[in-house]
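One letter stands for each residue in the lines below.
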Amino acid sequence: MTVLPADGLSLAAEFPHPAHEQWQSLVEGVLRKSGKDVAGPAAEEALSTTVEDGLITRPLYTSRDTAPDAGYPGFAPFTRGGKAEGNAAGGWDVRQRHALPDAARLNEAVLADLENGVTSLWLTVGGTGGVPVTALAAALDGVYLDLAPVVLDAGGELDVAAAELLRLYAERGVDAQAARGNLGADPLGQAARSGDGPDPTAAVHWARRCAREFPGLRALTVDALPYHEAGGSAAEELGASLATAVAYLRALTEAGLTVEEACGQLEFRYAATADQFLTIAKLRAARRLWARVAEVCGAADAGAQRQQAVTSSVMMTRRDPWVNMLRTTLACLGAGVGGADSVTVLPFDHALGLPDAFARRIARNTSTILLEESHLARVIDPAGGSWYVERLTAELAASAWAFFQEIERSGGQAAALRSGMIGERLAATWAARRKDLARRKEPVTGVSEFPQLAERPVEREAAPAAASGGLPRVRRDEAFEELRARSDAHLAATGQRPRVFLAALGPASAHTARASFASNLFQAGGIEPVHDPVSVDATTAAGAFESSGATVACLCSSDTLYAEQAGAVAEALGSAGAQRVFLAGRPAEYTGIDEYVFAGSDVVAVLSSLLDRMGVA
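The rules we used
- Residues numbered from 1 in each chain as written.
- Predicted model: local features only at pLDDT ≥ 70, side-chain atom pairs only at ≥ 80, totals over all residues.
- Heavy atoms only, no water.
- Helix = DSSP H or I, 4+ residues; strand = E, 2+ residues; numbered from the N terminus.
- Expected span 1.5 Å × (residues − 1).
- Buried < 20%, exposed > 50% of the residue type's maximum accessible area, 1.4 Å probe, protein only.
- Contact = heavy atoms within 4.5 Å.
- Pairing = 2+ DSSP bridges.
- Axes fitted to C-alpha atoms, helices over the stretch in contact; angles between N-to-C directions.
- Phe/Tyr/Trp six-rings, centres within 6.5 Å; stacked < 30°, edge-to-face > 60°.
- Lys NZ or Arg CZ within 6 Å of the ring centre and 35° of its normal.

K.L.:
Describe helix α20 (residues 559–575), listing the residues and the values that go with them.
P.N.:
For an α-helix, 3.6 residues make a turn, and residues three or four places apart therefore share a direction. Helix length check: α20 (17 residues) gives 23 Å between terminal C-alpha atoms against 24 Å at 1.5 Å per residue, within 8%. Looking only at α20, the buried set comprises L561, Y562, A566, V569, A570, A572 and L573. Where α20 is buried, its residues meet β11 (499–504), α18 (508–523), α19 (541–548), β13 (552–556) and β14 (580–584). Phi turns positive, to about 110 degrees, at G577, one or two residues after α20.

Quick look at the structure:
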C-alpha cells in the first residue's frame, strides 16, 4: 500500500517541465517521416498556417507568446468585456432579424419568436423589403415594448420610422427611462451599401434627442457588415468600423454632445463566422480598439463598446443549406465566448429567401441551447488567458489599427468610400480568398466538398431585393453555384446532367481514394460521375465508356498502376470517343492524358472549361 506524505499529494510532481525545444524535436521526427527534413524553429514554421490579414497561426503557444494586458471585465481596455459581470448575468441578448413587408405576417413571426426565447427584435422598416412605417404599430401589436428592445433598420426613412417608434412608446405608456433598443441611424453604412452620399443630419438629431430624453435608447449603429459582406477580412472589418465610429464621434461632439454622451449613442455590429477563434479574437480586439479611441478622446471610462454579432451571410450556402445550421452554431459560439452583448443567428435558409417558421425556430434555439444546456455564459470571457487567443487578439488589433490609420490618412471613412479606396482594398482581399476557394484550400461542405447532385432543393419565398449601388455582396459558394446552375439548366433542357466516366484501374484498395476524390470534384461542378463497372482495364474501358453515356473520362488509381496501365487505357478511351481524358493525380508523363486533377488545382477553372467543352451553356 502506498502511503501519502503528510503534506498531501503534489500533483504532477514526478513529471519534469518539458522545454519548447523538446517539443520541436518531436515535431522534427514526425516531419522527417513525411519527407520534410527541417530542424528547430523551421520545424514549427512548417506546421504554421497563414490566415487572414497575413496573420500566422502557429501549432503551439506558450507563456513566451506575450500580449498586452487584457485587464479585467468591465474596466478599460474592456478586452474582456464591457460589463464586470460579462454575459454571466443572464446570457447575451437573443436578437432576431425580421424583414417582412406584410405587417400581419411580421406580427405573427415576432410574437412567436418572443414567446420562444427571443429577447429583442431587429426590424427592417420602409423601403421595398421592410414593413411600411405606417404599419409598424400593427406589426408590434401585442409586443411589450418596455420588455422587448426594438432595433430599427430604416435606411432612408429613418426620420419617420424613429418618430413612429417613439410615438408608440408614448401611446403604450412606456416610460422614457425604460425604452431600450436602437433607432439604427447609420449614414456611412447606408452609403457603403447604396453608394449614396452620407448625410449625418438626421442621425445627429436623433442622437441628441435620445441623449436628452431616452437614456437607454441609442440612435446610431456602426454596422461593419457591409465591409464583411463585400469580402473584407476581419482586420478590414474592424478598421472600417473604427473609422466609421470616429466619424460619428466627430459629428456628435460638433453638435454639442459630450464625448461620453456621443459614445453612449453608438452600438457596433460585427459578423460572426464559423472560424470561432477568429470571431472571439475579433470581438475582443474591437473592444480594445474602441477603448483606445475613447482614451485618446479623454473619456476612457466611456470606452465600453456595445456589440451585436450577426452570423455571417457570406458563409451561408444555397446548396445543402442544412449544413448552415452547423456553421451558425460555431459562429454563435464564437460570438458568445467573444463577449457580444447581442447575438443574431441568421436562419439556415437565409440565402434562399424568406425563412420559414422552422428555420427561425432553429435560429433562436441555437442561442438557447448554448446558453441553457451548454452554460456558455456561466463564465466571463472563457477564452481569456489562452495564449493563442490573447496573441491572436493583439495581432488582429494591430492589423486593424493599421487599416484604420490608412483610412484616416485618406480623409476619413466618407472620403475613403467616395474615392474607392475601401472598395479596392476589399476587392483585392476577396480576389485572394476566391483563389483559395477555387482550389478548395478553403473547403465548403456540401458545395466544393461532398456535394450531392441528387439532393432535393430547398425552396423559399423570394426575399425583397437588398440595397445595391455601393459595395458588392459576395458569398463563398458563388463560383460553384454558377457551375451548378449551368448543370441544372442542362438537366432541365435535356433530361440528364453532363457526365464523366470514372475509369478505375485495379482493385478497390488501389483506386477508391482517387475515385472518391474525382467524384467529389466533378460533382462540385454539377457533373455526374459514372463509376460502373467498379474496375476497368485496356480491354474493357472502351465498352464501359460507351455504355456510360459520358463524353469525358477520368482515370483513377495508384501511381504504380498508372505507370503500368494509364497509357493503354487512355488510348482505348480516346478511340471510344472520349473528348477529354483526365487523370486523378499529380501531373506526370502519361500518354493520352489531356488534363490532371489533384489537390490544390484550380477546380473552378477546370470545371468551367469542361462544361464549356461539353456544350453546357
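Let us keep going from here.
K.L.:
Outline the sheet that holds strand β12 (residues 528–530), listing residues and values.
P.N.:
Ordered in space as β12-β11-β13-β14-β15, the five strands form an open sheet in which the pairing is parallel. For this open sheet the edge positions go to β12 and β15 (595–597), each flanked by a neighbour on one side alone. On average, adjacent strands in this sheet sit at an angle of 30 degrees to one another, irrespective of strand direction. Lying on the sheet, α18 is in contact with β11, β12, β13, β14 and β15; it crosses β13 at an angle near 145 degrees. Running at roughly 170 degrees to β13, α20 makes contact with β11, β13 and β14 of the sheet.

K.L.:
For the packing of aromatic side chains, give the residues involved together with the corresponding values.
P.N.:
If you walk through the whole model with that rule in mind, you get ten aromatic pairs. On the basis of an interplanar angle of 15 degrees and a centroid distance of 6.3 Å, the ring pair of F268 and Y270 is categorised as stacked. We note that F268, like Y270, is buried. Pairwise contacts between aromatic rings join Y61, F277 and Y388 into one cluster. Between the NZ or CZ atom of R97 and the centre of the ring of W122, over which it lies, the distance is 5.7 Å.

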